[in-house]
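# A structural walkthrough
Take a look at the letters that make up each chain.
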Amino acid sequence: MENIAALVAASINSGTPLLIAALGLLINERAGVLNLGAEGMMLVAAIAGFAVGYHTHSPLLGFAAGALAGMLMSSLFAWLALVLATNQVATGLALSIFGAGLSAFVGQSFVGMSLAGKLTPIPYLSGLPFVGTALFSHHWIVYFSLLLCAAIVWFLYRTRAGLILRSVGESPESAHALGYPVRSIRFAALLFGGACCGIAGAYLSLVYTPMWVEGLVAGRGWIALALTTFATWRPARVLLGALLFGSVTILQFHFQAIGIAIPSQILSMLPYVATIVVLVLISRNPDWIRLNMPASLGKPFRPG
């Protein structure tokens, strides 16, 4: 049972950065903006968070630096896509490439360095059989991600501001005609998404793998993007998807640990194969995607 509890805990830990990044991207897409630069934002945030955490010995400052780095990267995207009306797909891809190169350049002096990770299990609850190890022995960011998911559900479906955000994603022209500042709302959504990707990237370098190596994010930004489609732009489904993909990621290490004779290269492919399979299955019904997808997603807005 303890081995199963440890496997559940590792799956939750692995799914946390996916959940945080995907929630931020979901807000972007609900506002009608498609930002494919998640991988680059997470990489820059990962090295920014690690560098600040390494020099200050403060994980909290590291997370703040990661969030700020993500917001700066998303601001660059917002200026290009919203102000200059560049193609959102091409701009997002360029941001990912730029982020990968920038993080590799800045992180040259930090390669091989590591941080001393420290967990603070929940008192009393962490000592419970099975559930203590599985649910109550995580870093505080794990619980923050769950609260963030609940807060976004409440914001989108229970507040006027959430309704306005969704209306901007569905019909920016109508929202503009009613007097809502479409560009400002989308800019704010992009900043929030950048902060979430920044926290997710910092989590990878400060907690999940407390060290820096080039390409540390390893495609998780792309998986987070796929999660928003997998979840049909619903926060609760994003949570379930993040746990699913986190479990698939951990299974590759579990299979290796118990000595299953499968080449390590095939096991390493599992999370990405699972992503492709899920997207293919979902895409079999284009009407279902079209009914759930924000109508103006990826389309530029040019006020008359």
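Reading guide: rules and limits
Residues numbered from 1 in each chain as written. Predicted model: local features only at pLDDT ≥ 70, side-chain atom pairs only at ≥ 80, totals over all residues. Heavy atoms only, no water. Helix = DSSP H or I, 4+ residues; strand = E, 2+ residues; numbered from the N terminus. Rg over C-alpha atoms; globule rule 2.2 N^0.38 Å. Buried < 20%, exposed > 50% of the residue type's maximum accessible area, 1.4 Å probe, protein only. Contact = heavy atoms within 4.5 Å. Core = buried A, V, L, I, M, F, W, Y, C linked by side-chain atoms within 4.5 Å. pLDDT = per-residue confidence, 0-100. Axes fitted to C-alpha atoms, helices over the stretch in contact; angles between N-to-C directions. Parallel < 35°, antiparallel > 145°, perpendicular 65-115°, else oblique. Left-handed = near helix turned anticlockwise from the far one by under 90°. Nonpolar A, V, L, I, M, F, W, Y, C, P; charged D, E, K, R; others polar. Phe/Tyr/Trp six-rings, centres within 6.5 Å; stacked < 30°, edge-to-face > 60°. 1 Å grid on protein atoms, 1.4 Å probe; cavity = no way out; pocket = protein on both sides within 12 Å on 5 of 7 lines; lining within 4 Å. Points joined across faces, edges and corners; volume = space filled by probe spheres on them. Polar contact = N/O pair within 3.5 Å; in protein donor to acceptor, adjacent residues only side chain to side chain.

### Details of the overall build of the protein
Looking only at helices and strands, one finds 13 helices and 0 strands in the protein. From first element to last, N terminus to C terminus, the protein shows the α and β order α-α-α-α-α-α-α-α-α-α-α-α-α. Expected size for 304 residues packed as a compact globule is a radius of gyration near 19 Å; at 19 Å, the protein falls within 12% of this value. Over its C-alpha atoms, taken along the principal directions, the protein stretches across nearly 60 × 45 × 40 Å. Looking at the protein residue by residue over its 304 residues, the buried ones come to 47%. Expressed as a percentage of contacts within the protein between residues at least 6 apart in sequence, the contacts between residues at least 24 apart total 79%.

### Notes on the nonpolar core
Proteins that are soluble and globular tend to have nonpolar side chains buried together. Grouped together as the largest cluster of nonpolar side chains are 77 residues, with contacts concentrated most on F63 and W212. In this structure F63 touches H139, W140, I141, I199, A202, Y203, L206 and V207, once residues within four positions along its chain are discounted.

### Side note on the side chain of S14
Relative to the helices and strands, S14 resides in helix α1 (residues 2–30). Looking at S14, the relative accessible area reads 2%, which means it is buried. Not counting residues up to four positions away in its chain, the partners in contact with S14 are Y208, G246, T249 and I250.

### Observations regarding the confidence of the model for the protein
Predicted coordinates in areas of low pLDDT are best not read in detail. On average, residues of the protein carry a pLDDT of 90, and 96% of them reach 70 or more. Of all helices and strands in the protein, the one with the weakest mean pLDDT is helix α13 (residues 286–292) (74), whereas helix α9 (residues 182–208) scores best (97).

### Looking at the packing of α1 against helix α6 (residues 140–158)
Two elements in contact, α1 and α6, have axes whose closest approach is 9 Å; the angle formed by their N-to-C orientations is 25°. When the axis of α1 is compared with that of α6, the two are roughly parallel. Classified by chirality, the crossing of α6 by α1 is left-handed. Contact residues: α1 offers I12, T16, L19, I20, L23, L26, I27 and R30, while α6 offers I141, V142, S145, L146, L148, C149, I152, L156 and Y157. Among the residues making up the contact of α1 with α6, the classes are represented as 14 nonpolar, 2 polar and 1 charged.

### Topic: the packing of helix α2 (residues 38–56) against helix α3 (residues 59–83)
Where α2 contacts α3, the axes come no closer than 7 Å and their chain directions differ by 150°. Judged on the interaxial angle alone, α3 and α2 are roughly antiparallel. As for how α2 packs across α3, the hand of that crossing is right-handed. Contacts from G40, M41, V44, A45, A48, G49, V52, G53 and T56 of α2 reach α3 at L61, G62, A65, G66, A69, G70, M73 and S74. Its residues assigned to classes, the contact of α2 with α3 comprises 9 nonpolar, 8 polar and no charged.

### With respect to the packing of aromatic side chains
A full pass over the atoms with the stated rule returns 6 aromatic pairs. With a centroid separation of 6.2 Å and 85° between ring planes, the pair formed by Y54 and F110 is classed as edge-to-face. With Y54 in helix α2 and F110 in the loop between α4 (88–106) and α5 (131–135), this pair connects stretches of sequence that are 56 residues apart. Look at F110 and you get buried, because its relative accessible area is 9%. On the numbers, 6.5 Å between centres and 70° between planes, the contact of W140 with F144 is edge-to-face. Residue W140 and its partner F144 are located together in helix α6, separated by 4 residues, close to a single helical turn. Owing to a relative accessible area of 30%, F144 belongs among the partly exposed residues under this scheme. Within the aromatic cluster, the residues linked to one another by ring pairs are F50, Y54 and F110.

### Remarks on empty space enclosed by the protein
In the structure shown here, the tally under the stated rule is 1 cavity of 30 Å³ or more. Considered as a void within the structure, the largest cavity measures approximately 60 Å³ in volume. As for the largest cavity, its lining consists of A81, L82, A85, Q88, V182, R183, R186, P300 and F301. Put simply, the parts of the chain that give the lining of the largest cavity at least two residues each are α3 and α9. In terms of residues, the lining of the largest cavity owes the most to one element, α9, which gives 3 residues. Taken together, the residues that form the lining of the largest cavity break down as 6 nonpolar, 1 polar and 2 charged.

### Some details on the environment of R183
For R183, the location among the structural elements is in helix α9. For the pair R183 and R220, spaced 37 residues apart in the sequence, the C-alpha separation amounts to 28 Å. Apart from residues no more than four positions distant in its own chain, R183 is found in contact with L82, V83, F301 and P303. Of note is the side chain of R183, whose polar atom sits 3.4 Å from the backbone oxygen of L82.

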